[in-house]
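# Summary of the model geometry
Here's the letter readout for the chains.
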Amino acid sequence: MDKLLEVREFESITCNEDYRNDPHYKYLNQETFNELENFILAFSKDDQADAIDFLKISLRRHVGKVIQAKNYVGLIQMSNGFQVQILPKVFSSNLEDIKKTFIRMLRSMKDFPSKVFNDSNLKMDKMNLYEIFINMYIHEVRNLVKKGFSSAYIPVKDNLNYYKGKLIVREQIKKNMVHKEQFYMSYDEFDANRAENRLIKATLLKLQKLSTSSTNIKGIRQLLPHFEMVEPSKNYTKDFSRVVIDRNTKNYEMLIRWSKVFLLDQSFTTFSGHTTARALLFPMEKVFEAYVAKNLKRALADLPWEVSTQDKGHYLFNRPRQFALRPDLVITRQDQSTIVLDTKWKLLTNEPRQNYGISQADMYQMFAYSKKYNTPEIWLLYPVNEEIQDAEISFESYHQNHRVETKVSLFFVDVTNIEDSLRTLREKLIMGVTLEE
């Protein structure tokens, strides 16, 4: 049995042998399926509600128990070494393109610890996501080595044969009454053996054991000699508490955040690493939101418009001031007119009678934005998919005098070709919405 199962968002996993070659299902043997199920149930017992958002357990007629991937993407590694890799449902059939697109999307997130990673250096079709993240870490450490380690003055107390620093009189009397030629001294020593470097060495040593990629293992072996004078961290929590990121240690910022992920088995979700499995999972709703926001800001940078993300200041009710509204993007033109845009990571269907799969709650939300921001121009941004690509879909609400009160327009973002896609959206926003007088 292969050690890696690749699943796309919304695909289902079964352990039923009869469906082993069924294109609608991914197959796991009973033992690994049970372990994956226990992984999900462990979070449910701890009242971590988000657990149901990344993998869902259900029963299907004839098939039996299935596990469905949902809106979290990343990697889960079982205690037996088997890995389940969940990839985003993007508009591409090429596995390497999907991984590259996903990494680009991740890098747009504010809390994602990598800004200098160049995905063109990786053969992503031969690496799972965890190995890709290890490779990113190695790349960051190489950059640190090139720039040079930060050292620090470490306080040292020692019995010396020469005078250095400050004499500790009490210890001198206690220890050197006989040995008059020795001095018990306190002094500072300039040393690379500081908390940041200890954590990095500990991370490299751990990843050397975890990695199955010859490329990554070779990269780690090449880096370890540079840390020969550094002791690996033994108390991670204590050393992380000693880390101070300032202008002298700015080169360490991303590496320390990566080290927390690897050393403490943290994830970019609310899930902790207390189970026998290890997970590195990302909520695609937030990833999509950050990716669109970053690239749309860039696409509109030359226009005299103000673009704000996660805009604050409006509430559904004024008295009491409650139920805050947080649209993903708010654009204010130079004439002070406003456009509100909200991203939704959901694959719509070309079924007008079923409202294309648009949530009624989302439409209520858009109508509230229109009212509170006093604008008829609302845009809902969805990822493009095979079924809906260039469809022109909009919904209009009228005043009693038949003037447009609210117009919600849909736009389908191609995340694999984000610049061209948002260039089209830019043109639509410049054109504006033609309202009936």
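Small disclaimer: the values here were computed from a predicted structure and weren't measured.

### Considerations on the side chain of Arg194
When you line up the elements, Arg194 lands in the loop between β10 (183-191) and α6 (195-210). A distance of 2.7 Å separates the side chain of Arg194 from the side chain of Glu196, its partner in a polar contact.

### Quick notes on the side chain of Asn176
Note on placement: Asn176 falls in the loop between α5 (169-175) and β10. Exposure remark for Asn176: the relative accessible area of 2% places this residue in the buried category. Side-chain polar atoms of Asn176 contact the backbone oxygen of Gln182, separated by 3.5 Å. When near neighbours in sequence (up to four residues on either side) are disregarded, Asn176 contacts Asn159, Glu171, Gln182, Phe183 and Tyr184.

### As for the packing of helix α4 (residues 129-147) against helix α9 (residues 253-263)
When two helices pack together, their arrangement is given by the angle between the helix axes and the distance between those axes. At a minimum axis distance of 10 Å, the contact between α4 and α9 shows a crossing angle of 145°. Here the hand of the crossing between α4 and α9 comes out left-handed. Mapping the contact onto sequence places Tyr130, Phe133, Ile134, Met136, Tyr137, Glu140, Val141 and Leu144 in α4 and Met254, Leu255, Trp258, Ser259 and Phe262 in α9. Classifying every residue of the contact of α4 with α9 by side-chain character gives 11 nonpolar, one polar and one charged.

### Let's talk about the environment of Leu325
Of note, Leu325 is situated in the loop between β14 (322-324) and β15 (329-332). Each C-alpha atom, one on Leu325 and one on Gln365, is 8.7 Å from the other, the two residues being 40 residues apart in sequence. Contacts of Leu325, omitting those with residues within four sequence positions, involve Asp311, His314, Tyr315, Leu316, Ala368, Tyr369, Lys372 and Tyr373.

### A short note on the nonpolar core
The nonpolar side chains of soluble globular proteins are, as a tendency, buried together. Residues Phe133 and Leu341 are the most contacted members of the largest nonpolar core, which totals 70 residues. In terms of residues, this core owes the most to one element, α4, which gives 10 residues.

### Remarks on the packing of aromatic side chains
Using the criterion set out here, one finds 11 aromatic pairs in the structure. Through successive ring pairs, a cluster of aromatic residues spans Phe102, Tyr130, Phe133, Tyr137, Trp258, Phe262 and Phe282. Taking NZ or CZ as reference, Lys260 lies 5.6 Å from the ring centre of Phe240, over its face. Here Arg333 stacks its cationic end above the ring of Trp305, 5.5 Å away from the centre of that ring.

### Re the pairing of strand β18 (residues 394-398)
In the sheet, β18 pairs with strand β19 (residues 404-413) via five bridges, with the strands oriented antiparallel. If you follow Ser394 over to β19, its bridge partner there is Ser409. Where β18 hands over to β19, the hairpin turn is made up of five residues, of which His402 adopts a positive phi near 70°.

### Here's the deal with the pattern of salt bridges
Following the criterion strictly, the structure yields 17 salt bridges and no others. Asp239 is the partner of Arg242 in a salt bridge, and the nearest nitrogen-oxygen pair spans 3.8 Å. Taken together, the residues span about one helical turn, with Arg242 and Asp239 both in helix α8 (residues 236-242) at a distance of three residues. Among the residues examined, Arg242 registers a relative accessible area of 45% and is labelled partly exposed. Where Glu392 meets Lys428, a salt bridge forms, and the shortest distance between an N and an O atom there is 2.9 Å.

### A short note on the sheet that holds strand β4 (residues 55-60)
The four strands are arranged β3-β2-β5-β4 in an open sheet whose pairing can be described as mixed. This sheet does not close on itself; its edge strands, each paired only once, are β3 (25-27) and β4. Within this sheet the neighbouring strands show an average axis-to-axis angle of 35°, counted without direction. When strand β2 (residues 12-14) meets β3, the two strands line up parallel, connected through three bridges. Bridging across to β3, Thr14 finds its partner in Tyr27.

### Points about the confidence of the model for the protein chain
Chain-level pLDDT for the protein chain is 83 on average; 86% of the residues reach the 70-or-more range. Overall, residues 269-276 carries pLDDT values under 50, and its contacts beyond four positions in sequence, including any with other chains, amount to 23 contacts. Overall, residues 433-437 carries pLDDT values under 50, and its contacts beyond four positions in sequence, including any with other chains, amount to nine contacts.

### Some points on the sheet that holds strand β17 (residues 377-383)
One open sheet accounts for six strands, arranged β12-β15-β16-β17-β19-β18; its pairing is mixed. For this open sheet the edge positions go to β12 (306-309) and β18, each flanked by a neighbour on one side alone. The sheet shows a mean angle of 20° between the axes of neighbouring strands, direction not considered. Sheet topology places β17 next to β19; seven bridges connect them, and they run parallel. The residue of β19 that forms the bridge with Tyr382 is Phe412. Its contacts with the sheet place helix α11 (residues 360-372) against β16 (338-343), β17, β18 and β19, and it is angled at close to 125° to β19. Against the sheet, helix α12 (residues 418-431) contacts β15, β16, β17 and β19, and its axis sits at roughly 165° relative to β19.

### Concerning a nonpolar patch on the surface
A cluster of nonpolar side chains, contributed by Val169, Ile173, Met177 and Val178, occupies part of the molecular surface with about 420 Å² of accessible area. Relative to the assigned elements, Ile173 resides in helix α5.

### Observations regarding unusual backbone geometry
Following Arg319, the chain continues into Pro320 via a peptide bond in cis, with omega recorded as -10°. Tracing the backbone through its elements, the reader meets Pro320 in the loop between β13 (315-317) and β14. Positive phi, close to 60°, is recorded for Phe323, a residue that is not glycine. Tracing the backbone through its elements, the reader meets Phe323 in strand β14. At Tyr356, a position not held by glycine, the phi torsion is positive, near 60°. Take Tyr356: it is sitting in the loop between β16 and α11. By relative accessible area, which is 15% here, Tyr356 ends up buried.

Rules used in this analysis
Residue positions are given per chain, counting from 1 as you read along its sequence in written order. Reporting of local features is limited, given that this is a predicted model, to residues whose pLDDT is at least 70; pairs of side-chain atoms are given and counted only at 80 or more, and all residues count toward the totals for whole chains, interfaces and linings. Side-chain descriptors were evaluated using all non-hydrogen atoms of the structure, hydrogens and water having been removed beforehand. In this text, helices come from DSSP runs of H or I with a minimum length of four residues, and strands from runs of E with a minimum of two, each type numbered from the N-terminal end. A 3.5 Å cut-off defines polar contacts: any pair of N or O atoms within that distance qualifies, except that in protein one atom must be a possible hydrogen donor and the other a possible acceptor, and neighbouring residues in sequence count only when both atoms are side-chain atoms. Burial status follows relative accessibility: with a 1.4 Å probe on protein chains alone, a residue under 20% of its type maximum counts as buried, one over 50% as exposed, and anything between as partly exposed. The contact definition used throughout considers only heavy atoms, calling two residues in contact when any of these lie within 4.5 Å. Working convention: axes come from line fits to C-alpha atoms, limited for helices to the stretch in contact. Angles between N-to-C directions cover 0 to 180 degrees. Crossing handedness: left-handed means the near helix sits turned counterclockwise from the far one by under a right angle, and right-handed means the same turn made clockwise. Any residue outside Ala, Val, Leu, Ile, Met, Phe, Trp, Tyr, Cys, Pro, Asp, Glu, Lys and Arg is labelled polar, Gly included; the first ten of those are nonpolar and the last four are charged. The set of buried Ala, Val, Leu, Ile, Met, Phe, Trp, Tyr and Cys residues whose side-chain atoms join them within 4.5 Å is what this entry labels a nonpolar core. Two aromatic rings, drawn from Phe, Tyr or Trp (for Trp, its six-membered ring), form a pair once their centres lie within 6.5 Å of each other, and the interplanar angle then sorts them: stacked below 30 degrees, edge-to-face above 60, tilted otherwise. Any Lys NZ or Arg CZ found within 6 Å of a ring centre and within 35 degrees of that ring's normal is scored as a charge over the ring. Any two strands with at least two DSSP-identified bridges between them are counted as paired. Within this document, salt bridges are pairs made up of a side-chain nitrogen of Lys or Arg and a carboxyl oxygen of Asp or Glu, the two lying within 4 Å of each other. Confidence of the predictor at the level of single residues is given by pLDDT, which spans 0 to 100. Exposure above 30% relative accessible area and the absence of a salt bridge qualify a residue for a patch, where like charges join within 9 Å and nonpolar side chains (Val, Leu, Ile, Met, Phe, Trp, Tyr) within 5 Å. With residues, only the protein chains shown are counted as cover, and all accessible areas are computed by Shrake-Rupley using a 1.4 Å probe.

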